[in-house]
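# Summary of structural features
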Amino acid sequence: MAANNEKILIVSATSRNNLVLAKRLSEFLDGDTDVEIVNLEDYELPLFKPGIECDPETIAELIERFQGASGFIFCAPEYNGGVPPILSNALTWITNFTENWRDAFSGKIALIASHSAGQAFRFLSTFRNQLEYLGTIVMPRTITIVGNQSLDDDSVKRVISGFTRILNNKKGLD
């Protein structure tokens, strides 16, 4: 565990470009930060609807990872002008199976990143609103890769530095 006891959960909504982005972003975090990458495609979560069942061990593992994190970096593409269904579905399972539905998110810091075919403006905006509704403090800057662009390392360093600075000082925000 990191000296500052902060854990960042990097969540990828896909096994392709956004998982590559998640792994790349983890390289920008210093060695004092505990980082875990979760690929949502590794979890068998049925489409949520009241009354449907999910493997209790699967959802318990996912909830534990989210609740154990001090902050999040979400990596997801824009799907049809919004949040990818796999990401929205995972958050729905988590919020429906925690004691207080906001437990895994409230008061935590999040950074949103996207590797998408387009600018992902609608995803970034919609997902920011969803996270804020869950009580998450969302960083004002985002990280995006459009199409075949490459990551702007200098910009990412600045964004990640701001994210970790706020994460490490969040006790003052509570």
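Details of the structure are given in the entry above.
Predicted, not measured: the structure shown is a model, and the values here were computed from it.

## A closer look at helix H2 (residues 56-67)
Helix length check: H2, at twelve residues, gives a terminal C-alpha distance of 16 Å against a target of 16 Å (1.5 Å per residue), a fit within 8%. Regarding H2, the residues found buried are Thr58, Ile59, Leu62, Ile63 and Phe66. Take H2 and look down its axis: the buried residues cluster within an arc of 125 degrees, on one side only. Projecting away from the buried face of H2 at angles above 90 degrees are the exposed residues Pro56, Glu57 and Glu64.

## Comments concerning the pattern of salt bridges
Scanning the entire structure with this criterion turns up five salt bridges. Note that Lys7 is salt-bridged to Glu36, the shortest N-O span being 2.8 Å. Taken as a pair, Lys7 in strand S1 (residues 7-12) and Glu36 in strand S2 (residues 34-39) lie far apart in primary sequence, 29 residues in all. One exposure class covers both Lys7 and Glu36, and it is buried.

## Some points on helix H1 (residues 17-26)
In an α-helix, one turn spans 3.6 residues; hence positions three or four apart end up facing the same way. Of all the residues in H1, the buried ones are Asn18, Leu19, Leu21, Ala22 and Leu25. The arc that holds the buried residues of H1, viewed along the axis, is 155 degrees, so those residues lie on one side. For H1, the secondary structure elements touched by its buried residues are S1, S2, strand S3 (71-75), strand S4 (109-116), strand S6 (143-146) and helix H5 (153-168).

## Re the nonpolar core
Counting 33 residues, the largest nonpolar core has Leu62, Phe66, Phe74, Leu87, Phe105, Phe123 and Phe127 as its most contacted members. Elements with a minimum of two residues in this core: S1, H2, S3, helix H3 (85-96), S4 and helix H4 (121-133). In terms of residue count, H3 provides more of this core than any other element does, five residues in total. Counting residues in hydrophobic clusters, the runner-up holds 21 residues, among them Leu25, Leu111, Ile143 and Leu151.

## A few points about the layout of surface pockets
Summary: where empty space remains is shown by rolling a probe the size of a single water molecule over the atoms. Computed from the structure, the largest pocket encloses a volume of approximately 160 Å³. Taken together, Thr14, Ser15, Arg16, Asn17, Asn18, Glu41, Pro77, His115, Ser116 and Ala117 make up the full set of residues lining the largest pocket. For the lining of the largest pocket, the elements supplying multiple residues, two or more each, are H1 and S4. Grouping the amino acids of the lining of the largest pocket by side-chain chemistry returns two nonpolar, six polar and two charged.

Cut-off values and rules
- Going along each chain's sequence as written, the residues are numbered from 1 onward.
- In keeping with the predicted nature of the model, local features appear solely for residues at pLDDT of at least 70, side-chain atom pairs appear and are counted solely at 80 or more, and the whole-chain, interface and lining totals rest on all residues.
- Just so you know, side-chain values use all the structure's heavy atoms and leave hydrogens and water out.
- Secondary structure elements are taken from DSSP: a helix is a run of H or I of four residues or more, a strand is a run of E of two residues or more, and numbering for both begins at the N terminus.
- By this rule, a helix spans an expected 1.5 Å times one less than how many residues it contains.
- Only protein chains enter the calculation, and the probe is 1.4 Å; a residue is then buried if its accessible area is under 20% of its type maximum, exposed if over 50%, and partly exposed in between.
- Summarising the geometry, the arc corresponds to the directions from the helix axis toward the C-beta atoms.
- What makes a salt bridge here is a side-chain nitrogen of Lys or Arg within 4 Å of a carboxyl oxygen of Asp or Glu, nothing more.
- We call two residues in contact when some of their heavy atoms are within 4.5 Å.
- The nonpolar core is taken to be a set of buried Ala, Val, Leu, Ile, Met, Phe, Trp, Tyr and Cys residues, with the residues joined through side-chain atoms within 4.5 Å.
- Here a cavity denotes grid points, spaced 1 Å and computed from the protein atoms alone, that fit a 1.4 Å probe unable to get out, and a pocket denotes an open set having protein on both sides within 12 Å along at least 5 of 7 lines; residues with an atom within 4 Å of a point are the lining.
- Grid points are joined across faces, edges and corners, and a volume is the space filled by probe spheres set on the points.
- Side-chain classes follow a simple rule in which Ala, Val, Leu, Ile, Met, Phe, Trp, Tyr, Cys and Pro form the nonpolar group, Asp, Glu, Lys and Arg form the charged group, and the remainder, Gly included, forms the polar group.

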